[in-house]
Amino acid sequence: MGKPDYTIMAKQLESLIEEDSSYVPVLSNCAALLWEQFEDINWAGFYLVKGDILVLGPFQGKLACIHIEKGKGVCGTAWASDSTQLVPNVHKFPGHIACDSASNSEVVVPVRREGEVVAVIDIDSPSFERFTAEDAQGLELIAEVLGRSVEWN
Ligand code: SME
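To start, this report covers the structure provided alongside it.

1. Observations regarding the nonpolar core
1) Next: The biggest cluster of nonpolar side chains holds 31 residues, and the ones touching the most others in it are Leu 34, Ile 121, Ile 123, Ile 142, Leu 146 and Trp 152.
2) Next: Mapped onto this core, the elements with two or more residues apiece are helix H1 (6-19), helix H2 (23-37), strand E1 (43-50), strand E5 (105-113), strand E6 (116-125) and helix H4 (133-149).
3) Next: With six residues, H2 is the single largest residue contributor to this core.
4) Next: Contact partners of Leu 146, with chain neighbours within four places excluded, come to Leu 13, Val 26, Leu 27, Cys 30, Phe 46, Val 111, Ile 121 and Trp 152.
5) Next: In terms of nonpolar packing, the next biggest core, distinct from the first, is built from 15 residues, Ile 68, Cys 75, Trp 79 and Val 120 among them.

Spelled out as structure tokens, the structure:
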């Protein structure tokens with residue numbers, strides 16, 4: 001298995017969304033796609049913006065924390081700052097939330113609907129420096145497709 005092909009993943013998502021654009025089936029299949037496409041990861045999935053907190057969404061991997069406050073941890077920071085967080089060593093990230101002690105690096109990308117963050121994509125790895133700027137850009141493409149085409153409520 002090589003690097004994830006983000007263009008193919010985006011096309012797969014578009015065709016899944018054509019069949020049903022509601023967020024539970026799309027995000028569930030998207031988590032499965034991410035899980036299949038990445039080597040050396042221990043968690044891949046979503047947190048959804050519900051009012052003033054993030055709530056756990058569809059994912060693959062071990063049990064995860066259910067609620068994350070805005071600005072807390074890597075996910076809450078991605079939401080609050082409306083920006084991708086590429087974290088080579090989670091132990092050096094102030095306030096990192098350790099759901100799985102095996103995680104050492106992480107990438108979190110906001111999903112925007114009409115400019116507002118509605119969710120974040122989160123992927124964790126047991127290796128340090130697992131994710132590259134190319135991964136961040138590829139995931140931003142996936143986030144753009146989801147933000148534009150999914151029915152979020
Ligand atoms: N580590 C994340 C919390 C979510 S879990 O990794 C699934 C964070 O600091 O936001």
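2. Here we look at the site of the ligand
1) Next: Looking at the ligand, there are 13 residues lining it, with Val 74, Cys 75, Ile 97, Glu 106 and Asp 124 nearest.
2) Next: Contact distances for the ligand include 2.8 Å between a nitrogen atom and a backbone N or O atom of Ile 97.
3) Next: Coverage of the ligand by the protein amounts to 99% of the 310 Å² it exposes when considered alone.
4) Next: Of all elements in the fold, only E1, helix H3 (73-81) and E6 reach the threshold of two or more residues within the shell around the ligand.
5) Next: In terms of residue count, H3 provides more of the shell around the ligand than any other element does, three residues in total.
6) Next: Split by residue class, the shell around the ligand holds eight nonpolar, two polar and three charged.

Reading the values: rules and limits
Residues numbered from 1 in each chain as written. Predicted model: local features only at pLDDT ≥ 70, side-chain atom pairs only at ≥ 80, totals over all residues. Heavy atoms only, no water. Core = buried A, V, L, I, M, F, W, Y, C linked by side-chain atoms within 4.5 Å. Buried < 20%, exposed > 50% of the residue type's maximum accessible area, 1.4 Å probe, protein only. Helix = DSSP H or I, 4+ residues; strand = E, 2+ residues; numbered from the N terminus. Contact = heavy atoms within 4.5 Å. Near = heavy atom within 4 Å. Polar contact = N/O pair within 3.5 Å; in protein donor to acceptor, adjacent residues only side chain to side chain. Areas by Shrake-Rupley, 256 points an atom, 1.4 Å probe, with all protein chains shown as cover. Nonpolar A, V, L, I, M, F, W, Y, C, P; charged D, E, K, R; others polar.

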